[in-house]
Amino acid sequence: MSSRDQILARVRRNQPAAVALPEVPLFDGVVHDFQVNLARMGGEYVQGDPTAFIRARFPDAAVICSTTPDVCGNRPLPDDPAALEDVDVGVVRARFGVAETGSVWLSEAELKLNALGFLPQHLVVLLDPKTIVPNLHHAYRHPAFREARYAVLMTGPSATADIEGVLVRGAQGIRSLTVVACR
Amino acid sequence: MKRVDHAEASSHFIKSKAHVEFHDKRLWDLRGKRDREAEAIPEWEELRALASAIKEHTLSHLGDYLEQFDRNATANGMQVHWARDAAEHNQIVHDVLGSFGARVLVKSKSMLTDECEMRPFLENRGIEVIETDLGERIQQLDDEPPSHIVVPAVHKLRGDVAEVFSRTIGTDPKKSDVPYLAESQRRHTRPYYLKAGAGMTGANFAVAETGSFVVCTNEGNADLSANLPRLHIASIGIEKLIPRLEDLGVFVRMLSRSALGSPITQITSHFRAPRPGSELHVVLVDNGRSERLGMEGFWPSLKCIRCGACMNTCPVYRRSGGLSYGATYSGPIGVIIDPTFNLRKYSALPFASTLNGSCTSVCPVKIDIHEQIYRWRKVIAERNQLPMVKKEAMRIAGRVLSSPRLYRLAVKAAQAGLDYLPRSMIYNPLNAWGKQRELPKAPKGSFRDWYLKNR
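Residues numbered from 1 in each chain as written. Chains lettered and ligands numbered in written order. Predicted model: local features only at pLDDT ≥ 70, side-chain atom pairs only at ≥ 80, totals over all residues.

### Some thoughts on the interface of chain B and chain A
In this assembly, 73 residues from chain B lie in contact with 64 residues from chain A. A total of eight residues in the side of chain B that touches chain A trace back to one element, the largest contributor, which is helix H10 (residues 178–195) of chain B. Among the residues forming the side of chain B that touches chain A, the class breakdown is 34 nonpolar, 20 polar and 19 charged. Two strands pair when backbone bridges link them, and strand S8 (residues 150–154) of chain A and strand S9 (residues 267–271) of chain B are joined in this way by five bridges, in the antiparallel orientation. What sits directly across from leucine 153 of chain A, in S9 of chain B, is threonine 268 of chain B. (Contact = placed C-beta atoms within 7 Å. Helix = DSSP H or I, 4+ residues; strand = E, 2+ residues; numbered from the N terminus. Nonpolar A, V, L, I, M, F, W, Y, C, P; charged D, E, K, R; others polar. Pairing = 2+ DSSP bridges.)

### Re the sheet that holds strand S2 (residues 64–66) of chain A
Residues and elements named next belong to chain A. A sheet is described by the order of its strands in space; here five strands give the open sequence S1-S11-S6-S3-S2, paired in parallel fashion. Bordering the open sheet on either side are strand S1 (44–47) and S2, each of which pairs with just one other strand. Between one strand axis and the next, the sheet turns through 20° on average, direction left out of account. Direction of pairing for S1 relative to strand S11 (residues 176–181): parallel, over a ladder of four bridges. Bridge pairing in S11 links tyrosine 45 to valine 179. Where helix H3 (residues 50–57) meets the sheet, its contacts fall on S1, S2, strand S3 (89–93), strand S6 (122–127) and S11, and the angle it forms with S6 comes to roughly 160°. (Axes fitted to C-alpha atoms, helices over the stretch in contact; angles between N-to-C directions.)

### Here we look at the domain arrangement of chain B
Once the domains are mapped, chain B shows domain 1 (1–40 + 299–386), domain 2 (48–287) and domain 3 (404–454). A straight line from the C-alpha centre of domain 1 of chain B to that of domain 3 of chain B covers 30 Å. (Domains from an automatic or database assignment.)

### Thoughts on the sheet that holds strand S5 (residues 103–107) of chain A
Pairing in this open sheet of eight strands is mixed, and the strands run S7(A)-S4(A)-S5(A)-S8(A)-S9(B)-S6(B)-S5(B)-S8(B) from one edge to the other. Each edge of the open sheet is held by one strand with a lone partner, namely strand S7 (132–133) of chain A together with strand S8 (241–242) of chain B. Direction of pairing for strand S4 (residues 96–98) of chain A relative to S7 of chain A: parallel, over a ladder of two bridges. Pairing of valine 98 of chain A across the sheet is with valine 133 of chain A, part of S7 of chain A.

### Points about unusual backbone geometry
Phi is positive for phenylalanine 27 of chain A, close to 45°, though the residue is something other than glycine. Relative to the helices and strands, phenylalanine 27 of chain A resides in the loop between helix H1 (3–14) and helix H2 (34–40). Residue classification places phenylalanine 27 of chain A among the buried residues on the basis of 21 C-beta atoms within 10 Å. Positive phi values are uncommon outside glycine, yet asparagine 287 of chain B reaches one of about 45°. Residue placement: asparagine 287 of chain B occurs in the loop between strand S10 (279–285) and helix H13 (289–293). Under the C-beta neighbour-count criterion, asparagine 287 of chain B is labelled buried, with 20 such atoms within 10 Å. (Buried ≥ 20, exposed ≤ 12 C-beta atoms within 10 Å, placed from the backbone.)

### Some remarks on the environment of phenylalanine 145 of chain A
Its place among the elements puts phenylalanine 145 of chain A in helix H6 (residues 144–147). Judged by local crowding, phenylalanine 145 of chain A falls into the buried class, with 22 C-beta atoms found within 10 Å. Along the primary structure phenylalanine 145 of chain A and leucine 106 of chain A are separated by 39 residues, whereas in three dimensions their C-alpha atoms are 10.0 Å apart. With residues up to four places along the chain from it excluded, the contact list for phenylalanine 145 of chain A reads Tyr140 and Ala151 of chain A together with Leu245 and His270 of chain B.

### Let's talk about the pairing of strand S4 (residues 198–201) of chain B
Residues and elements named next belong to chain B. On S4, burial covers both faces: Ala198 and Met200 on one face and Gly199 and Thr201 on the other are all buried. When S4 meets strand S7 (residues 231–237), the two strands line up parallel, connected through three bridges. Counterpart to glycine 199 in the pairing with S7 is histidine 232.

### So, the nonpolar core
Counting 166 residues, the largest nonpolar core has Val125 of chain A together with Phe251 and Leu284 of chain B as its most contacted members. With seven residues, the top contributor of residues to this core is helix H12 (residues 247–259) of chain B. Once residues lying within four places of it in the same chain are set aside, the contact partners of valine 125 of chain A are Val92, Ala94, Val104, Leu177 and Val179 of chain A. (Core = buried A, V, L, I, M, F, W, Y, C linked by C-beta atoms within 7 Å.)

### With respect to helix H4 (residues 62–75) of chain B
Residue and element names in this part refer to chain B. Relative to the 20 Å expected for 14 residues at 1.5 Å per residue, H4 spans 20 Å between its end C-alpha atoms, a close match to the ideal helical length. Within the span of H4, buried status applies to Leu62, Gly63, Tyr65, Leu66, Phe69, Asp70 and Ala73. Each buried residue of H4 lies within a common arc of 165° when the element is viewed along its axis, so the set occupies one face. (Expected span 1.5 Å × (residues − 1). Arc of directions from axis to C-beta.)

### Let's talk about the packing of helix H16 (residues 331–341) of chain B against helix H18 (residues 369–382) of chain B
Residue and element names in this part refer to chain B. At their nearest, the axes of H16 and H18 sit 9 Å apart, and the two run at 40° to each other. Relative to H18, the element H16 is oriented oblique. The way H16 lies across H18 gives a crossing that is left-handed. Listed contacts from H18 to Pro332, Ile333, Val335, Ile336 and Pro339 of H16 are Ile369, Gln372, Ile373 and Trp376. For the contact of H16 with H18, the class distribution of residues is eight nonpolar, one polar and no charged. (Parallel < 35°, antiparallel > 145°, perpendicular 65-115°, else oblique. Left-handed = near helix turned anticlockwise from the far one by under 90°.)

### Side note on the pairing of S6 of chain A
Residue and element names in this part refer to chain A. Of all six residues in S6, six are buried, a share of seventy percent or more. Where burial is concerned, the two faces of S6 agree: the one with His122, Val124 and Leu126 and the one with Leu123, Val125 and Leu127 are both buried. As judged from the five bridges shared by S3 and S6, these two strands associate in the parallel manner. Paired with valine 89 across the bridge in S6 is histidine 122. In the sheet, S6 pairs with S11 via six bridges, with the strands oriented parallel. Following the sheet pairing, leucine 126 is matched in S11 by valine 180.

In structure tokens:
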């Protein structure tokens, strides 16, 4: 008998009495503010032209990699994700946002290389404000989740508070996350 | 196997006043942040009820959901393995690494791999294992297990971390400011993502209908581990299953709010299929879970989503430190899980509680934690696993409390005793309560005396 069959047999022998599966409502009661919630998580939400914003915010950026036609990077995307190691700014367009948490939704379709969301020093995400859904219940009903091999809800830069609870932004991944409202 | 003596082990932690005070304050601060988040959501209690019901439903149909996950994950291109116990899990991971020729493994935090003691197993076979979560890395470099399931090095102060890092990754021993220490770990760890042959993660949830799994982190280390090497292995306990994608809405909304008081983790990642040109292996691990599922009164502990809220609120945990539990899982949730691994070894843990019920009231999946702690005490007493002093004390207390005459005599004797006996006799080695505390002053008369006089 394989391990799989042994585990399944023991699980079925020991399962408690059946409990019904509840429906999950959409909980639309509270209106959430994307910008406020993103700021709480250390991200920034700005309006305006993304290229002008990047030039102004990251004047010293030597390497910019973009996967969206809205912004021109200065280096084409490599084949090997490890080659993203020296990227200063990554630029990508999100499929949608979540107001409750201030999150943006990215998958391999947007990132091209999944590591683009993590290896660059900074990440700039373009987001059409019309795509923002109210909360996570709406987000998890989005069909995009069912198609993506890999999908991430990114909410602010990488962060840690593992030493004495002191918040450090830019733990191991991106040091900053800026979401640019852009249709 | 030696019985863990929680009180004795915690006495080492308690020796440093600075450590205990900070630990207590830091965890209580997390509890406060959790409260503010919960109070800001009108449907919080409804979410708890939903989360509990979804988990109970899944556990009561776990066989079907495991098969559904297996089928869908396989169809998505993942390779699914099944491990009955820790040894089989470790062997599977080692074999998969071997088939890839991987000698360096970058991994994010996984309590399950700690439970399986995977790291020493792999290291003894020549694999270099790099914990990439900052807290877990501190613990790895200091050769200690994590003391908390969410913040593994919460029992350490910045000076301790500076000492560990200067000894192991070459930081300046005189510099202990936190951003410097975190930046040093960032610079030390990032090259490993690029050269590692394999990456490993745990999983917070596994979704049966999509054959996908979810990893919730803040540092970005799990996604670097999973998205750079060409091999990703994920170890998943069989209790992590949930039926549907929409169920994630309930759990993701509550996980980080309960854990750290933030609305979501910085990075919430969903893995459904391997990247083109890469392999994604999932190891579904039992290691005692299927047996626990059949334990009347104890199986609801399998609902746990490992948020750590019960630890942060527990007065005993906050003042004794996670390492004093001598187990992978500490705090209230550890107290009810650990005895299922080894009743004798962990028989002291259910007594590391005041039964105040705070753990139960903050648990996002409504596990009856303090009631299970009480149930374990009964099991331990019935199986004769109580230490002699506790057993005798309970036997005598039982006789005294069941006889009004004996009880009244005892009250009088205690009142007189506290007034007239020398300290050395009252604070004797059998008086565990009086070790760090003064006994309260006895009132002049008992309630019964007052009542007889005034009725």
